[in-house]
Amino acid sequence: QVQLVESGGGLVQAGGSLRLSCAASGSIFSIDAMVWYRQAPGKQRELVAAITRGGSTNYADFVKGRFTISRDNAKNTVYLQMNSLKPDGTAVYLCNAPRAGVGPYSYVEVWGQGTLVTVSS
């Protein structure tokens, strides 16, 4: 069983910064890509940023230049540094591991419960 636990959300003023963390625990053989999504009230879930095990990154256009995704493979943890936050960034931010290795040739997709980020204007 693999679990993802997010932390670091909270209330911040527009223009401020937050750093989210997502730690994986459990019977983990390996985790390849790790992804941050967000879901605002009444809206669909959208990809924010992704990072491979090797450190290659991908960002949604609406966060480029403001957010940075990084990871610590030894700790099975991914981070999302969010700067210059905007009120439309208010959402639940969720961590996802699309392909977590739990055994030889055995993979599962795992989602965290999410952490709420509220950006006030």
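Residues numbered from 1 in each chain as written. Predicted model: local features only at pLDDT ≥ 70, side-chain atom pairs only at ≥ 80, totals over all residues. Heavy atoms only, no water.

1. Focus on the pattern of salt bridges
At step 1: Considering all chains together, one arrives at 2 salt bridges under this definition.
At step 2: Ionic pairing is found between Arg38 and Glu46, a salt bridge with its closest N-O pair at 2.8 Å.
At step 3: With relative accessibility at 6%, the residue Arg38 sits in the buried group. (Salt bridge = Lys/Arg side-chain N within 4 Å of Asp/Glu carboxyl O. Buried < 20%, exposed > 50% of the residue type's maximum accessible area, 1.4 Å probe, protein only.)

2. Thoughts on the sheet that holds strand β9 (residues 77-82)
At step 1: The 4 strands lie next to each other as β1-β3-β9-β8, forming an open sheet whose pairing is antiparallel. The sheet is open, and its two borders are formed by β1 (2-7) and β8 (67-72), each paired with just one other strand. Across the sheet, the mean angle separating the axes of adjacent strands is 15° when strand polarity is ignored.
At step 2: Across 6 bridges, the pairing between β1 and strand β3 (residues 18-26) is antiparallel. From the neighbouring strand, Ser7 faces β3, where its bridge partner is Ser21. (Pairing = 2+ DSSP bridges. Helix = DSSP H or I, 4+ residues; strand = E, 2+ residues; numbered from the N terminus. Axes fitted to C-alpha atoms, helices over the stretch in contact; angles between N-to-C directions.)

3. Regarding the nonpolar core
Nonpolar side chains in soluble globular proteins generally cluster together in the buried interior.
At step 1: In terms of nonpolar packing, the biggest core is built from 32 residues, with Trp36, Leu80, Met82 and Tyr93 touching the most fellow members.
At step 2: If you list the elements that add at least two residues to this core, you get β1, β3, β5 (34-39), β6 (46-51), β8, β9, β10 (91-103) and β12 (115-120).
At step 3: The element best represented in this core is β10, accounting for 5 residues. (Core = buried A, V, L, I, M, F, W, Y, C linked by side-chain atoms within 4.5 Å.)

4. Description of the side chain of Arg38
At step 1: Note that Arg38 resides in strand β5.
At step 2: Only 2.8 Å separates the side chain of Arg38 from the side chain of Glu46, close enough to count as a polar contact.
At step 3: Setting aside anything within four residues of it in sequence, one finds Arg38 in contact with Gln44, Arg45, Glu46, Val48, Phe62, Asp88, Gly89, Ala91, Val92 and Tyr93. (Polar contact = N/O pair within 3.5 Å; in protein donor to acceptor, adjacent residues only side chain to side chain. Contact = heavy atoms within 4.5 Å.)

5. Some remarks on the state of the cysteines
At step 1: Counted according to the given criterion, the structure contains 1 disulfide.
At step 2: Cys22 shares a disulfide with Cys95; S-S distance 2.1 Å. Between Cys22 and Cys95, the disulfide has an S-S torsion of -85° and is therefore left-handed. With Cys22 in strand β3 and Cys95 in strand β10, the pair connects residues that are 73 residues apart, well separated along the chain. With respect to burial, Cys22 and Cys95 carry one shared label: buried. (Disulfide = S-S within 2.5 Å.)

6. Details of the packing of aromatic side chains
At step 1: Applying the stated criterion across every chain, the model contains 1 aromatic pair.
At step 2: Relative to Trp111, the ring of Tyr37 lies with its centre 5.1 Å away and its plane at 45°, an arrangement referred to as tilted. Here Tyr37, found in strand β5, pairs with Trp111, found in strand β11 (residues 106-111); they are 74 residues apart in sequence, far enough to count as distant.
At step 3: By relative accessible area, which is 19% here, Tyr37 ends up buried.
At step 4: What makes Trp111 partly exposed here is its relative accessible area of 32%.
At step 5: Looking at Arg45, its charged tip hangs above the ring of Trp111, at a distance of 4.5 Å from the centre.
At step 6: The aromatic ring of Tyr107 is capped on one face by Arg99, whose charged end is 3.7 Å from the ring centroid. (Phe/Tyr/Trp six-rings, centres within 6.5 Å; stacked < 30°, edge-to-face > 60°. Lys NZ or Arg CZ within 6 Å of the ring centre and 35° of its normal.)

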